[in-house]
Amino acid sequence: SAPSSHFWSNSVSSGPTSWRMAVMIAGQFIGDTSGRANGAAVKTRWNMASLLGYEDSTNTKIDLLAQHYFDRGPALGVDAAYKDEDSEGKLYAYGVINDGGQDLLKPGTRREWNHDTRGIILGEERITLGEHWTFFGEGSYLGDETFVDAFLESWAETRREFTSQVNLARNDENTGFSVQAKTSLNDFVANEYLLQSRGYSVQKSPEVTYLRQSDRLLESSLVGDVFWTQEWRYSNMAMQFDEVYARERGYDRADLSQRAFGINPDQRVADLLRSEGFEENNINRFDTRHELSAPQKLGPVDVTPFVVGRATAYDNDFRTFSPQEADNARLWASAGARAATQIQRVDDSVRSEFFDLNRIRHILEPNLTVWHAGSSVDHQDLPTYDEEVENLAEGSMARIALDQTWQTKRGDPMGKGHTADVFKFNNAFVFSSGDVDPKSPFGRWIDFRPELSNPGDYFSSEAAWQVTSALALTGSTVYDLDANQQDRSTAGFVIQHSPRYSSFAELRYLNPLDSTFLDLGTTYQLTERYAFTGLTAYDLHNGGFQGAGGELSRKSDAYLLALRLSYNNTTDSTSFGFVIKPSLVAKKQRVRILDEEADSAVSTESLR
């Protein structure tokens, strides 16, 4: 990624004729043996907050990024943030000037640039306006469709949506109100999860939402208390398609572009969406959801029956998207019940010095949810603007589960011992009627709103065992009962061999993708000054390492020096890097620059 996240500060002060300043520098020196996309670079970060006189740097950060890529050219940026009692904000701007290098893209292909200026600007601001009101605004502009993939790949994979919006919200006890306006300043989608699932973003101009949670509607000795939760929403919205040709993202072969997007290299995701009847016109939508619930106790069992009604209306009947469905309004309703209880047993006779056990408390939490929903318009006949509005499950579903926890007292049982969860073991069966439509190959249950779940017939199991304070084991699986095979399974462990040495392993199996990976990693503090970290991923299905990397570092009082090596089999690249990170300088340390007089001024404290 572009910036380094390490800080170093030092104060500089002297007599009246001296040059006063405080400066932070962090450098990275990176080389690449294979001509990797970004190539060799020198990266520095300068703490401008001190130079501009912000003494309380714990609440203010203004860093200047000054860098140079030997294959691309110079790069400049600003990474700034502040926080006070009523507001906080961030700004990140970064650009490569006269870029003549290559981007190494997700499919392993490369894209050349002809000395173009490229960059990214992100900013956000949150302001507390009194006791109940909050304002949030953000802006995002990306210079081109591959900049994030080339320089900030993890952001493309995990960051929230790159968007520009303003949102004014009021929250008071159990009520909420918000007005939001949202759009994209780009004609492409940079978030991988949006690009792979939808291929478009949604503009809202505006969306107004009002909700109330759990108002007591009725008090009755017969059915207990009845609570009412309501939501009201008006939206003026439009889809913003991704207008980038597949080859411009590096999918320059038909097998790559078809597998990723279902299009040819000289086609756009927008072309596919238009051919399937999606529209870019502004539409108006009114939506309201109401839920009644009546929690009550039947002996030791907590039972909560609930009913939900929802009405959604549009000023468009979406005939181009679903010619067989002409309604511009949808009525949706569901009913269900949740039941749960807790059973505990304490065994004071359990003692094990080896496993650090001092008595055991076994907690069992059986729970059951049954649910049915029907709709006047099937969710597949509506284009999805919001997952929680259009993409609602229908049909019947039931979930029966048993969550178990074993707790013990660890440490000194007669002194400052602590309660610890030794073992957790959660199991659940989910069953769905034959008329439900799965939303993805992986089953998923969302208990507080079953309509957002992914239906199917499957069994899920999760386990976590804190064997000792030094060893933890985890595992999970989702088993498809219709296909009689696993959908997804994971297993792993973490071992703290000693205060200086730890290792971990994780096995991941995804049946719909027919892939199995084994990740191995270790961290070893060799001496007080030397440390080693290593990580590798092995493809068990196809054989061979997917990638591997390591870092050997040496720490001194003045700096941290590290050597990094990595190999990526997907992109067939091998890289090495040298990292120099200046260490923290002790508070009130004075350094004199360009000064021949006695050191007489008062120094400032370290910034970090």
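Our structure's up above, just so we're on the same page.
Conventions and cut-offs
Residues numbered from 1 in each chain as written. Predicted model: local features only at pLDDT ≥ 70, side-chain atom pairs only at ≥ 80, totals over all residues. Heavy atoms only, no water. Helix = DSSP H or I, 4+ residues; strand = E, 2+ residues; numbered from the N terminus. Buried < 20%, exposed > 50% of the residue type's maximum accessible area, 1.4 Å probe, protein only. Contact = heavy atoms within 4.5 Å. Areas by Shrake-Rupley, 256 points an atom, 1.4 Å probe, with all protein chains shown as cover. Salt bridge = Lys/Arg side-chain N within 4 Å of Asp/Glu carboxyl O. Pairing = 2+ DSSP bridges. Polar contact = N/O pair within 3.5 Å; in protein donor to acceptor, adjacent residues only side chain to side chain. Core = buried A, V, L, I, M, F, W, Y, C linked by side-chain atoms within 4.5 Å.

Novice: Got a sec to walk through the overall build of the protein chain? Specific residues and values, please.
Specialist: A tally of helices and strands in the protein chain yields six helices and 33 strands. The buried share among the 608 residues of the protein chain stands at 42%. Of all intrachain contacts in the protein chain linking residues separated by at least 6 positions in sequence, the fraction that spans at least 24 positions is 55%. As displayed, the protein chain has an accessible area near 31,400 Å², and 55% of this comes from carbon and sulfur atoms.

Novice: Account for unusual backbone geometry, naming residues and giving values.
Specialist: Peptide bonds are, in most cases, trans, and in most cases residues other than glycine have a negative phi. Here the bond from serine 205 into proline 206 is cis, since omega is 0 degrees, no more than 30 degrees from zero. Following the sequence through the fold, proline 206 ends up in strand S14 (residues 200–218). One non-glycine residue, glutamate 173, lies in the positive phi region at around 55 degrees. The phi torsion at arginine 359 lies on the positive side, around 65 degrees, for a residue other than glycine.

Novice: Can you tell me about the pattern of salt bridges, naming the residues and giving the values?
Specialist: Per the stated rule, a full pass over the model turns up 45 salt bridges. A salt bridge links lysine 204 to aspartate 386; the nearest nitrogen and oxygen atoms lie 2.8 Å apart. Separated by 182 residues along the polypeptide, lysine 204 in strand S14 and aspartate 386 in the loop between strand S21 (357–375) and strand S22 (395–410) bring together distant segments of the chain. Aspartate 386 carries the same exposure label as lysine 204, and that label is buried. In this structure, arginine 319 engages aspartate 317 in a salt bridge whose closest nitrogen and oxygen atoms are separated by 2.8 Å. Through salt bridges with shared partners, one network takes in Arg72, Asp99, Asp103, Arg118 and Asp144.

Novice: Residue-level account of the side chain of arginine 285, with values.
Specialist: Mapped onto the secondary structure, arginine 285 falls in strand S16 (residues 283–293). Residue contacts for arginine 285: discarding those within four places in its chain leaves Glu207, Arg233, Tyr234, Ser235, Met237, Thr312, Ala313, Tyr314, Tyr385, Asp386, Val389 and Glu390.

Novice: I'd like to hear about the pairing of strand S5 (residues 60–69), residue by residue, with values.
Specialist: Burial analysis of S5 places seven of its 10 residues in the buried class, which makes it a mostly covered element. Here strand S4 (residues 41–47) runs beside S5; their pairing, made up of seven bridges, is antiparallel. Residue pairing across strands places lysine 43 opposite glutamine 67, the latter belonging to S5. Connecting S5 to the antiparallel partner strand S6 (residues 73–83) that follows it, the hairpin turn spans three residues.

Novice: Please provide a residue-by-residue account of the environment of glutamate 280, values included.
Specialist: Tracing the backbone shows glutamate 280 in the loop between helix H6 (269–275) and S16. Along the chain, glutamate 280 and glutamine 203 lie 77 residues apart, while their C-alpha atoms are 9.8 Å from each other. Non-local contacts of glutamate 280, meaning those with residues more than four positions away in its chain, are made with Ala238, Met239, Phe241, Glu243 and Arg274. Looking at glutamate 280, its side chain comes within polar contact range of the side chain of arginine 274, at 3.0 Å.

Novice: Account for the nonpolar core, with residues named and values stated.
Specialist: Counting residues in hydrophobic clusters, the biggest one holds 24 residues, and the most contacted among them are Tyr200, Phe241, Phe278, Phe318 and Tyr385. Looking at this core, the elements that each hand over two or more residues are helix H4 (192–197), S14, strand S15 (226–241), helix H5 (254–261) and H6. Here phenylalanine 318 is in contact with Ile283, Leu382, Pro383 and Tyr385, once residues within four sequence places are set aside. Core analysis: the next-biggest nonpolar cluster, separate from the first, contains 20 residues, Ala41, Ile120, Phe147 and Phe151 among them.

Novice: I'd like a rundown of the pairing of strand S12 (residues 164–172), residues and numbers included.
Specialist: Strand direction decides the pairing type here: strand S11 (residues 133–142) and S12, joined by six bridges, are antiparallel. Within S12, the position partnered with glutamate 138 by the bridge is glutamine 165. Inspection of the sheet shows S12 paired to strand S13 (residues 175–183) by nine bridges, in the antiparallel sense. From the neighbouring strand, asparagine 171 faces S13, where its bridge partner is glycine 176. With antiparallel pairing between neighbouring strands as the criterion, S12 and S13 make up a hairpin whose turn holds two residues, including glutamate 173 at a positive phi of roughly 55 degrees.

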